[in-house]
Protein chains: 2
Amino acid sequence: MVTTKKQMKLGAFLQGVGHHVAAWRHPDVNPADATRLSHLKNLAHIAERGKFDAIFFADVLGLPEIDNRLLAKGAIAYFWEPLTTLAAIAGSTEKIGLISTVSTSYLHPFHLARLFASLDHISEGRAGWNLVTSGTDFEANAFGLNNQIPHTERYLRAREYVDVVKGLWDSWEDQPYLFDQTSGNFFDPQKLHFLHHQGEYFSVHAALQSARPVQGYPVIVQAGSSSDGQALAAATAEIVFTAQQSLQDAQGFYRGLKAQLAQHGRDPDSLKVMPGVMPIIGRTEAEAQEKYEQLQSLIDPAVGIALLSAFLGNIDLSKHGIDDPVPDFPNTEGWQSRQQLLIDLARRENLTIRQLYQKVAGARGHRIVIGTASSIADQLELWFTEGAADGFNILAPTFPHGLSEFVDQVIPELQRRGLFRTEYTGNTLREHLELPRPRSQYQ
Amino acid sequence: MVTTKKQMKLGAFLQGVGHHVAAWRHPDVNPADATRLSHLKNLAHIAERGKFDAIFFADVLGLPEIDNRLLAKGAIAYFWEPLTTLAAIAGSTEKIGLISTVSTSYLHPFHLARLFASLDHISEGRAGWNLVTSGTDFEANAFGLNNQIPHTERYLRAREYVDVVKGLWDSWEDQPYLFDQTSGNFFDPQKLHFLHHQGEYFSVHAALQSARPVQGYPVIVQAGSSSDGQALAAATAEIVFTAQQSLQDAQGFYRGLKAQLAQHGRDPDSLKVMPGVMPIIGRTEAEAQEKYEQLQSLIDPAVGIALLSAFLGNIDLSKHGIDDPVPDFPNTEGWQSRQQLLIDLARRENLTIRQLYQKVAGARGHRIVIGTASSIADQLELWFTEGAADGFNILAPTFPHGLSEFVDQVIPELQRRGLFRTEYTGNTLREHLELPRPRSQYQ
């Protein structure tokens, strides 16, 4: 191994029994695993065996209120509250980072700051927060709103939200404790700082009740790739997960986002761009292709259309034939970058509704790479060396097999090429990512 | 052991390095333990060894904004977010219940329902929610309010909050999953129910994304003993933690609360009344008394006065001499029942400010029982058999020693008398408490 060579970062995106929307129907998969904590712990062990930087949970608040019969067919991701779940996984893992999505739109920043500070302590410095702003009306309906907050406002609010959260993470300077039983001073009173934040969206006068997080701040991740999302990421994020379909688009996104860092006085290396990739691995190219087609054949058309409709901003596709071209429709207040990605794809490849959902339903808009371990490693290496990615967020099509195949076949190939670590050299998620520990604003 | 004899329930209230306000200064205690997860796991193991029904965390959102120098002397409880902490403890325990306080005043019921549902799944049916409404202005300040919500309104809101939470816990009927890979039905669509709640305080249209909690509903606990608190408990609670100083008062409280259950069509056994008790255990009565005095001698007067002031509703005691009688002061919007308890105590025993804080600072208003294991068991047996308690919430003065002394000395004595289990007979917290598993409102 060439130890001085720059190495890629890898995240293992965990979701139910696989990322492919029809994963649960695959004969290799036990669908009941979706409801078991032991399954998630097993996936975390496999990912840690592969020396992944982190595991990663998506999150959505509740279920879309569409026909229950359709939901029942879709094997909607079954998931518990992600931070308690990661806290439970922390105890049975040692090194791997623990990243969860939490939306800024419906949880007060005091709670978020405290939850992530706790997870960072519980895991001894392995917590990461994937900041999203939510992109659906059904989530708004759970919290007393008829419609979601408009896109631009959600991101303005998120920007202020991050300031509040960091302010609370700085409630205590590092090493504040004296434990002086004789004098009766438990901590140094100069090292406690109440946040006094009075902003456009939040008024927060408070301090957390526990020490500064082990990592200073848990790692901040962002997944929004719209212009609002990129602006927020440039200001605040340390990892960006993104859905990119072509090398050229990914290079453009990478360059564009890194260029914006300078406006905030940030080094380009202080933010890692990690596109999503769904690897379909075979011993031969033909076997891989066959595996892919088997999964695709399991997609129920009604599920495919419903998923597509949700990604496009809840537009009604029922009045169109399934083999009609993808129609025009208005801009969404929801997941704008995901909508744009799909429109571009449909127009570029001149797709019908069926063809588009077939592409989308597989990896939910993320890139699918089909081939042998070696050819998949080639693809990852190409994007990594050609300025399109600092690493990848791996979306295994099925669990546990899709993940263990990646760990047992692709990772050794990346390691042989010197592109990925063979052992963890650090203990915290920041150390894995080669990100500095932020100093307290008071130090 | 007489197996047919009714047995008491026991909760182990965990907090920092002990419940006595000066615990951290005691030579038996390592104050650094307050900041360690391994310490909390150790306490949970000790309590499980003692066959306690549950461990129990208090919670407060942030710190009072008083002089940092005073906070530093008080060894304010150091704690993380309790649900992530209990999720971390779940994996290293097997049987013991896991109860946490969460306030209804600052967290949306969707989040609370989801967090406790997750903890109940993660722990395989051991979760309990101690419902509080918060009682301080500093917590309101963390969430954009200048002052806390008035007492009566907090409890009205809490009542509606519980309805929302139970509605969300019923999103799924029991056993909804089909996992039918061939037909493509993951679950039975008739077993999913969206909550449509439109009330005075909340509008919630949503369903949780995971199965019904293992216990149906996690056990609901309540600690407010004011008339508003009792009314809420009679309608919703299955355990009531209460601070009671005398057998007669405790009997009155017990009778009064149990009588209110009938108004809601509830059986008296469906709610367990568990007063708090701080046991100070010695090999002789004299040794126990000496231990108590040693702890009391470690209380810094400034800390004692500050704590007393907080319990009385943030009244300013500084204009009074420390050896003056306790003055009159207005009703609080905060912890009303705690305020009343202290006023009654001060008047009954004609106490000065110093004498009152000495009593309060020890156990924060809870009863202190000083003696040998046998005499402490006598006290617990008396309250249990004389209609004052269904069990006790044990507040060990120091950790871990105060708890392990109770487990090694008092619990065997209770077991010899047939008053406490010698082995767990169930797996869930409900089973320990002999509470039925609630049916879904849809079944």
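Residues numbered from 1 in each chain as written. Chains lettered and ligands numbered in written order. Predicted model: local features only at pLDDT ≥ 70, side-chain atom pairs only at ≥ 80, totals over all residues. Heavy atoms only, no water.

**Here's the deal with the overall build of chain A**
- In terms of regular secondary structure, chain A is built from 15 helices and 13 strands.
- Burial status across chain A gives 65% buried among its 443 residues.
- Residue pairs in contact within chain A that sit at least 24 positions apart in sequence constitute 78% of those at least 6 positions apart.
- When the accessible area of chain A is evaluated, it comes to approximately 15,800 Å², of which 47% is carbon and sulfur surface.
- For chain A, the distance from the average site of its 39 positive side-chain charges to the average site of its 49 negative ones is 2 Å. (Helix = DSSP H or I, 4+ residues; strand = E, 2+ residues; numbered from the N terminus. Buried < 20%, exposed > 50% of the residue type's maximum accessible area, 1.4 Å probe, protein only. Contact = heavy atoms within 4.5 Å. Areas by Shrake-Rupley, 256 points an atom, 1.4 Å probe, with all protein chains shown as cover. Lys, Arg positive; Asp, Glu negative; His and termini not counted. Charge placed at Lys NZ, Arg CZ, Asp CG, Glu CD.)

**A short note on the relation of the copies chain A and chain B**
- Between chain A and chain B, which share one sequence, the superposing operator has a rotation angle of 180° and an axial displacement of 0.0 Å; the RMSD is 0.0 Å. With respect to symmetry, the two chain copies, as superposed, fit the operation of a two-fold axis.
- A shared interface surface links the copies, since 100% of the contact residues of chain A are contact residues in chain B too. (Least-squares fit on C-alpha atoms with pLDDT ≥ 70 in both.)

**Regarding the UniProt feature "binding site: FMN" (unreviewed entry) in chain A**
Residues and elements named next belong to chain A.
- Here, UniProt's "binding site: FMN" (unreviewed entry) annotation points to Asp-59, Thr-101, His-151, Tyr-155, Ser-225 and Ser-226.
- In this structure, Tyr-155 is in contact with Thr-133, Gln-222, Gly-224, Ser-226, Asp-228, Gly-229 and Leu-232, ignoring residues within four places of it in sequence.
- Those residues in contact with Ser-226 that sit more than four places away from it in its chain are His-151, Tyr-155, Gln-336 and Ser-337. (UniProt positions renumbered as here; feature names shortened; annotations may be inferred.)

**A closer look at the interface of chain A and chain B**
- Contacts between chain A and chain B engage 73 residues on the former and 73 residues on the latter.
- With both chains or domains summed, chain A and chain B bury close to 6,400 Å², and 65% of this area falls on carbon and sulfur atoms.
- When the buried area of chain A at its contact with chain B is split by residue, Gln181(A), Phe186(A) and Gln209(A) rank highest and sum to 11% of it.
- For the interface between chain A and chain B, the tally reads two salt bridges.
- Salt-bridge contacts for Asp59(A) lead to Arg114(B); the nearest nitrogen and oxygen are separated by 2.8 Å.
- Seen at the junction of chain A and chain B, the total is 38 residue pairs in polar contact (both at pLDDT 80 or more).
- The set of elements that each furnish at least two residues to the side of chain A that touches chain B consists of helix H2 (68–74), helix H3 (82–90), helix H4 (109–122), helix H5 (137–142), strand S5 (177–180), strand S6 (185–187) and strand S8 (203–206) of chain A.
- The dominant element in the side of chain A that touches chain B, judged by the number of residues it contributes, is H4(A), at seven residues.
- Considering only residue class, the side of chain A that touches chain B consists of 43 nonpolar, 22 polar and eight charged. (Buried area = accessible area lost by both parts, 1.4 Å probe. Salt bridge = Lys/Arg side-chain N within 4 Å of Asp/Glu carboxyl O. Polar contact = N/O pair within 3.5 Å; in protein donor to acceptor, adjacent residues only side chain to side chain. Nonpolar A, V, L, I, M, F, W, Y, C, P; charged D, E, K, R; others polar.)

**A few points about the environment of Asp300(A)**
All names here are of chain A.
- One can find Asp-300 in the loop between helix H9 (285–297) and helix H10 (301–311).
- Of the residues examined, Asp-300 reaches a relative accessible area of 19% and is grouped as buried.
- Expressed as a C-alpha distance, the spacing of Asp-300 and Ala-22, which sit 278 residues apart in the sequence, is 7.9 Å.
- Aside from chain neighbours lying at most four places away, what touches Asp-300 is Arg-25 and Lys-73.

**Concerning helix H12 (residues 353–363) of chain B**
Residue and element names in this part refer to chain B.
- Along H12, the residues that are buried comprise Ile-353, Leu-356, Tyr-357, Val-360, Ala-361, Gly-362 and Ala-363.
- Those residues of H12 that are buried lie in contact with strand S11 (272–281), helix H9 (285–297), helix H10 (301–311), helix H11 (336–349) and strand S12 (367–371).
- Trailing H12 by a residue or two, Arg-364 shows a phi angle of about 55°, which is positive.

**Brief notes about the packing of H3(A) against helix H4 (residues 109–122) of chain B**
- Interaxial distance between H3(A) and H4(B) falls to 8 Å at its minimum, and their mutual angle equals 30°. Classed by the angle they form, the pair H3(A) and H4(B) counts as roughly parallel. For the pair H3(A) and H4(B), the sense of crossing is right-handed. Together, Pro82(A), Thr84(A), Thr85(A) and Ala88(A) of H3(A) and Arg114(B), Leu115(B), Ser118(B) and Ile122(B) of H4(B) make up the contact between the two elements. (Axes fitted to C-alpha atoms, helices over the stretch in contact; angles between N-to-C directions. Parallel < 35°, antiparallel > 145°, perpendicular 65-115°, else oblique. Left-handed = near helix turned anticlockwise from the far one by under 90°.)

**So, the pairing of strand S8 (residues 203–206) of chain B**
Residue and element names in this part refer to chain B.
- Pairing between strand S7 (residues 195–198) and S8: four bridges, direction antiparallel. Considered in S8, the bridge of His-196 is made with His-205.
- Where S7 folds back on S8, the antiparallel hairpin that results is connected by four residues. (Pairing = 2+ DSSP bridges.)

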